[in-house]
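This is what each chain is made of:
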Amino acid sequence: MQQVLATFLRKIVVILLVGFISISSFAISSAPSFAATPNQKLIQQENLDKPSQSVSDREQAYEEQLEAEKNPDKVFSENLKEYKKENPGEGIIEKAVEGAEKAVEKVTGKK
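Just so we're clear, the structure is a prediction, and the values are computed from it rather than from any experiment. (Residues numbered from 1 in each chain as written. Predicted model: local features only at pLDDT ≥ 70, side-chain atom pairs only at ≥ 80, totals over all residues. Heavy atoms only, no water.)

### Here we look at the overall build of the protein chain
Consideration 1: Of the regular secondary structure elements, the protein chain holds five helices and zero strands.
Consideration 2: Secondary structure elements of the protein chain occur, N-terminal to C-terminal, as α-α-α-α-α.
Consideration 3: Every one of the 111 residues in the protein chain was classed for burial, and the buried ones make up 1%.
Consideration 4: Working note: accessible area of the protein chain is about 10,800 Å², and carbon and sulfur atoms make up 62% of it. (Helix = DSSP H or I, 4+ residues; strand = E, 2+ residues; numbered from the N terminus. Buried < 20%, exposed > 50% of the residue type's maximum accessible area, 1.4 Å probe, protein only. Areas by Shrake-Rupley, 256 points an atom, 1.4 Å probe, with all protein chains shown as cover.)

Structure below.
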């Protein structure tokens, strides 16, 4: 009789633990999804805070893009210089790019 009662109690405890774990997993798994969604009111407020561009600013940006289109290598080198100023130190990617550039120079004979 005691064995049957002990077995029954164990089964009840196991069922309760499995149920508790299942319910708690639903509560835990839904929390990150709420954290990942941006608050729509904050996005709208950020858009309102941005100053609107004037026509002259847009025209100036358009002219700059036209100039950049004429000489893309110059723009690339300027952007690369800015990047290197902001990110000092040489990483593996930069070394690979430099190695590839040297290999291309050797093959083509151009600099």
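After that view, the rundown keeps rolling.
### Looking at a nonpolar patch on the surface
Consideration 1: A surface patch of nonpolar side chains, amounting to about 500 Å² of accessible area, comprises Leu5, Phe8, Leu9, Ile12 and Leu16.
Consideration 2: Position of Leu9 among the secondary structure elements: in helix 1 (residues 2-36). (Patch = residues over 30% accessible without salt bridge, like charges linked within 9 Å, V, L, I, M, F, W, Y side chains within 5 Å. Salt bridge = Lys/Arg side-chain N within 4 Å of Asp/Glu carboxyl O.)

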